[in-house]
Amino acid sequence: MTEARADAPAHGSAPREPGDTRLTLAQVLEHPALGPRDLLPDRFRGPRRVTGDGWVGFATRLERGEELSLVQSLMAANRHVLDVGGGIGELSRAVAARIGHCTTVEPHAQLVESMRDEAAEAGVSVFAGTAEDLPFPDASFDAVYGAWVLPFVDDVGKAVTEMVRVCDPDAPEAKIVLIVGGADSEVLGLFNDVCAPVSGDPRDHHGYLLATAARLLAERGFGEFSLHRTEASVRFAEEEPAKRAAEAATVLTDFWYQLHPGADEVRAALEPALERHFAARPHGIGDQGAVLVARPGS
């Protein structure tokens, strides 16, 4: 998906110039980046439960250069940026390298301590906390972003509302940025096609998360949107194909199901599926992303 543009203005809005990439809420909700509409659920499937170790095992194999560059460019004109769900701190450090400083909040104590080891030198301030209860006053930041955080929150509505609360809508470059799995994500495809049938989980439809977030953002005054696409991949360098598939199955199972009683069954189902995947794409699993940018407006 390239950056999307609106060919016609919404009813009652001002005409837009050729090349204007802004989208209305209605155009976001109809956009193919949100994935197949016939599979769109009518409610949140519930959060994924991930451990600190499970996230580290996945994230340390994740090659996300394009995603880092996109977030850096989106934040280049901002001065007070919040990263919601900092993880291992890769995006926070990238933003700090561009603008001088970044604040991040992370719920896992293990990851908070890990980030703090190098935070001061990198220009990153690290706080413990959740997306649903951000530990900052109103309008503390001129930009807030959450990369791959919505699938893991308990309450999508509270998380988005909190992001709006701490973002100053009067700042010249005010924006809220959300990144989730794209409709063409190979990682999500493996979860939905292989893991969910074994574990009994509902399918994971990240387009539902973006649609829900977009509605909430528009209701709260952040109704000027754009959509972008990013490429990332989870890399497995093991030379022996069977070993590579086994390692990838372990990493993905620990990421999604480390504490699940059916983890062994999921791992066993993933191995042959990954052998087939690696026959076509030998060392990577695509983690393509969809990026929603919301700015104040209607």
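Here is a short report on the structure shown in this document. (Residues numbered from 1 in each chain as written. Predicted model: local features only at pLDDT ≥ 70, side-chain atom pairs only at ≥ 80, totals over all residues. Heavy atoms only, no water.)

Here we take up empty space enclosed by the protein. Summed over all chains, the structure comprises 2 cavities of 30 Å³ or more. As for the largest cavity, its lining consists of 15 residues, of which Arg 48, Phe 58, Trp 148, Phe 255 and Asp 287 are closest to the centre. Counting only elements with at least two residues in the lining of the largest cavity, the list comes to helix H2 (52–59), helix H7 (186–199) and helix H9 (241–257). Within the lining of the largest cavity, the residues separate by chemical class into 10 nonpolar, 2 polar and 3 charged. Approximately 30 Å³ is the volume attributed to the second largest cavity. Around the second largest cavity, the lining residues are Gly 89, Arg 93, Met 115, Glu 118, Ala 119 and Val 124. In terms of residue count, helix H5 (residues 109–122) provides more of the lining of the second largest cavity than any other element does, 3 residues in total. Of the residues contributing to the lining of the second largest cavity, the split by class is 3 nonpolar, 1 polar and 2 charged. (1 Å grid on protein atoms, 1.4 Å probe; cavity = no way out; pocket = protein on both sides within 12 Å on 5 of 7 lines; lining within 4 Å. Points joined across faces, edges and corners; volume = space filled by probe spheres on them. Helix = DSSP H or I, 4+ residues; strand = E, 2+ residues; numbered from the N terminus. Nonpolar A, V, L, I, M, F, W, Y, C, P; charged D, E, K, R; others polar.)

With that settled, consider the nonpolar core. Leu 82, Val 84, Val 144 and Leu 217 are the most contacted members of the largest nonpolar core, which has 42 residues in total. Counting residues per element, the ones that place at least two in this core are helix H1 (25–29), strand E2 (81–84), helix H6 (156–166), strand E6 (175–181), helix H8 (206–219), strand E7 (224–230) and strand E10 (289–295). Beyond its immediate sequence surroundings of up to four residues, Val 144 is in contact with Leu 82, Val 84, Met 163, Val 166, Cys 167, Lys 175, Ile 176 and Val 177. (Core = buried A, V, L, I, M, F, W, Y, C linked by side-chain atoms within 4.5 Å. Buried < 20%, exposed > 50% of the residue type's maximum accessible area, 1.4 Å probe, protein only. Contact = heavy atoms within 4.5 Å.)

Bringing H7 into the picture now. Given a rise of 1.5 Å per residue, 14 residues ought to cover 20 Å, and the 19 Å separating the end C-alpha atoms of H7 matches this to within 8%. Asn 192 marks where H7 bends most, by close to 30°. Every buried residue belonging to H7 is among Val 187, Leu 188, Leu 190, Phe 191, Asn 192, Val 194, Cys 195, Ala 196 and Ser 199, and all of these are buried. Buried-residue contacts for H7 involve E6, H8, strand E8 (233–235), H9, helix H10 (263–280) and strand E9 (284–286). Two residues or fewer after H7 comes Gly 200, characterised by a positive phi angle close to 85°. (Expected span 1.5 Å × (residues − 1). Bend = angle between axes of the 7 residues up to and from the residue.)

A few words now on the sheet that holds E7. Here we have 7 strands laid out as an open sheet, ordered E4-E3-E2-E5-E6-E10-E7, and mixed in their pairing. The sheet is open, and its two borders are formed by strand E4 (124–128) and E7, each paired with just one other strand. Taking each pair of neighbouring strands and ignoring which way they run, the sheet shows an average axis angle of 20°. Pairing geometry for E7 and E10, over 7 bridges, is antiparallel. (Pairing = 2+ DSSP bridges. Axes fitted to C-alpha atoms, helices over the stretch in contact; angles between N-to-C directions.)

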